[in-house]
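One letter stands for each residue in the lines below.
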Amino acid sequence: MSKNNNRKSKAQIDWHSGFAGGLELVFRDYKDQLAIEREHSLSKQPLRIDFLLVKVNPGTAIDNAIGRFFKTYNIVEYKNPYDELNIDVVWKVIGYAALYKGLGHSKDVIPSSELTITIFRHSKPHALLKQLINNGYIITCHSPGVYSVSGIIAIPIYIVVTRELKEDIFKVLRIMSKNADIDDIKAFITEASKFNVPGDKGNADAVLQVSSTANKTLFEIMKGEDQTMCEALKELMADELKQAKEDGVSEATKKFATIINEKDKTIIDQDKTISEQDKTISEQDKTISEQEALLKQYKEKFGEL
């Protein structure tokens with residue numbers, strides 16, 4: 001595949017929508033206690049936080065490796081597998097947190113002590129972590145895939161490496177990458193096929209759209225080898241398949257209509273040409289008739305030539 005085609009393929013994957021669905025599913029047991037807002041606007045200008053997670057009840061405890069560090073207001077930045085995560089990204093998100101805290105509707109309505117920053121990425125940002133350590137900041141691994149950065153600001157900063165997360169609930173995040181684990185994909189499809197709460201299926205669809213596009217070969221293998229998995233996948237993505245079919249039919253109809261219109265135009269042009277030819281022939285016939293009449297008059301008056 002050429003570099004241009006590769007870049008086009010990367011751009012076609014809606015990573016953020018997939019991550020949004022995954023994030024909702026990771027915290028689906030706390031949906032009544034945790035409000036998740038995508039692209040929270042910080043001002044009238046186009047400056048937005050990727051995700052803002054707000055505890056409805058500040059005292060709610062979230063029992064997983066990521067959520068247990070959450071406070072009341074939690075700012076989340078997501079970097080897809082092709083995005084760079086460097087020191088400038090860290091400071092950008094710190095800036096988002098400062099603006100979010102400073103633009104509250106009243107004084108200190110958002111206490112800095114109730115803020116956290118979490119940056120998600122599939123692979124470990126080795127260069128960034130090395131730079132942070134060299135700058136004198138403290139990196140602590142609290143559990144597989146969850147790292148805190150201390151010493152930059154008072155607000156807790158976490159870097160989550162999704163490929164390193166071990167808890168089963170996080171497979172939804174692990175499968176949104178190239179070269180995902182096929183067992184994780186199968187387990188997620190099996191689990192998602194049982195979803196019956198409104199919204200969960202839509203979130204699962206968004207995740208599978210990303211995973212299937214990034215792992216086309218794995219999904220083709222599953223479709224060919226595991227009929228049960230294939231049927232579960234079809235059921236989960238039924239709406240998308242229906243829409244794709246309708247889009248395909250619509251596109252085919254459009255193309256067919258274009259062909260018919262072009263053929264109609266060709267026929268009309270041909271009819272016009274034939275009509276013009278008939279007119280020319282008619283004029284020629286008239287000329288011949290006139291010439292024959294003149295010749296007849298001449299013969300009657302002077303006899304045969």
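What you are looking at is a predicted structure, and each value in this text was computed from that prediction instead of being measured.

Enquirer: Please give an account of the side chain of N203 that cites residues and values.
Expert: For N203, the position within the fold is in helix α7 (residues 200–214). Leave out the neighbours within four places in its chain, and N203 touches G21, E24 and L25.

Enquirer: Would you mind going over the sheet that holds strand β1 (residues 34–41) in detail, with residue names and values included?
Expert: If you walk across this open sheet you meet the seven strands as β1-β2-β3-β4-β7-β6-β5, and the pairing is mixed. The open sheet terminates on both sides in strands that have one partner only, identified here as β1 and β5 (138–143). Strand-to-strand, the axes of this sheet are offset by a mean angle of 25 degrees, without reference to chain direction. In this sheet, strand β3 (residues 73–79) lies alongside strand β2 (residues 48–55) in antiparallel orientation, the contact comprising four bridges. Across the sheet, F51 pairs through a bridge with V76, a residue of β3.

Enquirer: Explain the pairing of strand β4 (residues 115–121) to me, using residue names and the numbers behind them.
Expert: Among the seven residues that make up β4, seven are buried, leaving the element largely enclosed by the rest of the structure. Covered by surrounding structure in β4 are L115, I117, I119 and R121 together with T116, T118 and F120, the residues of both alternating faces. Note that β3 and β4 share seven bridges and pair parallel. Pairing of Y73 across the sheet is with L115, part of β4. Each parallel crossover has a hand, and the one from β3 via helix α3 (residues 87–102) to β4 is right-handed. Where β4 meets strand β7 (residues 157–161), five bridges bridge the pair, whose relative direction is parallel. If you follow T118 over to β7, its bridge partner there is Y158.

The rules behind each value
Residues numbered from 1 in each chain as written. Predicted model: local features only at pLDDT ≥ 70, side-chain atom pairs only at ≥ 80, totals over all residues. Heavy atoms only, no water. Helix = DSSP H or I, 4+ residues; strand = E, 2+ residues; numbered from the N terminus. Contact = heavy atoms within 4.5 Å. Pairing = 2+ DSSP bridges. Axes fitted to C-alpha atoms, helices over the stretch in contact; angles between N-to-C directions. Buried < 20%, exposed > 50% of the residue type's maximum accessible area, 1.4 Å probe, protein only. Right-handed = clockwise from strand over helix to strand, strands pointing away.

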